[in-house]
Amino acid sequence: TGPSVTSATSHSLARANMSVTAVGSRIYAMGGISTTTDCNAGTAFGCTNNHYFEPDLDSWSAAQVAVSHNFSSGATAGFGDTIFAFGGFINSGST
């Protein structure tokens, strides 16, 4: 049999083309694009803020470190306690 699917609390920030990776017991959502002003301190479009989900608590929190560029459609990989980001697009402009 395959893995089970569990419903979890949705994040309040709607974004697309983000990268998601797990490190330890947390699942990180990084980068992406959004048409809301909750993406980066009042700026819409490219997201530099990151959030993590804690399955045991069923809750989202803001990560302490943001990515240096607002990127989307990239890949991330967790190794040890580090997240590596690869490729993707550097976003610019506004919606």
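The rules behind these values
- Residues numbered from 1 in each chain as written.
- Predicted model: local features only at pLDDT ≥ 70, side-chain atom pairs only at ≥ 80, totals over all residues.
- Heavy atoms only, no water.
- Buried < 20%, exposed > 50% of the residue type's maximum accessible area, 1.4 Å probe, protein only.
- Helix = DSSP H or I, 4+ residues; strand = E, 2+ residues; numbered from the N terminus.
- Pairing = 2+ DSSP bridges.
- Axes fitted to C-alpha atoms, helices over the stretch in contact; angles between N-to-C directions.
- Core = buried A, V, L, I, M, F, W, Y, C linked by side-chain atoms within 4.5 Å.
- Contact = heavy atoms within 4.5 Å.
- Salt bridge = Lys/Arg side-chain N within 4 Å of Asp/Glu carboxyl O.

(A) Structural context of the pairing of strand β5 (residues 51-54). Of the two faces of β5, the one holding His51 and Phe53 and the one holding Tyr52 and Glu54 are both buried throughout. Both strand β2 (residues 26-30) and β5 contribute to a ladder of three bridges, which runs antiparallel. The partner of Ile27 across the bridge, within β5, is Phe53. Across four bridges, β5 lies against strand β6 (residues 59-62) in antiparallel orientation. Counterpart to Phe53 in the pairing with β6 is Trp60.

(B) Quick peek at the sheet that holds β5. If you trace the four strands from one edge of the open sheet to the other, you get β1-β2-β5-β6, paired in antiparallel fashion. Looking at the sheet topology across the chains shown, the edges are occupied by β1 (19-23) and β6. Between one strand axis and the next, the sheet turns through 25° on average, direction left out of account.

(C) Looking closely at the nonpolar core. Core analysis: the biggest nonpolar cluster contains six residues, these being Val23, Tyr28, Met30, Tyr52, Val67 and Phe71. Here Val23 is in contact with Tyr28, Gly78, Gly80, Asp81, Thr82 and Ile83, once residues within four sequence places are set aside.

(D) Examining the pattern of salt bridges more closely. Tallied over the entire structure, the rule returns one salt bridge. In this structure, the salt-bridge partner of Glu54 is Arg26, at a minimum N-O distance of 3.7 Å. Of this pair, Glu54 sits in strand β5 while Arg26 is found in strand β2, placing the two residues 28 residues apart along the sequence. Overall, Glu54 belongs to the buried group, its relative accessible area being 19%. Classification of Arg26 as partly exposed rests on a relative accessible area of 28%.

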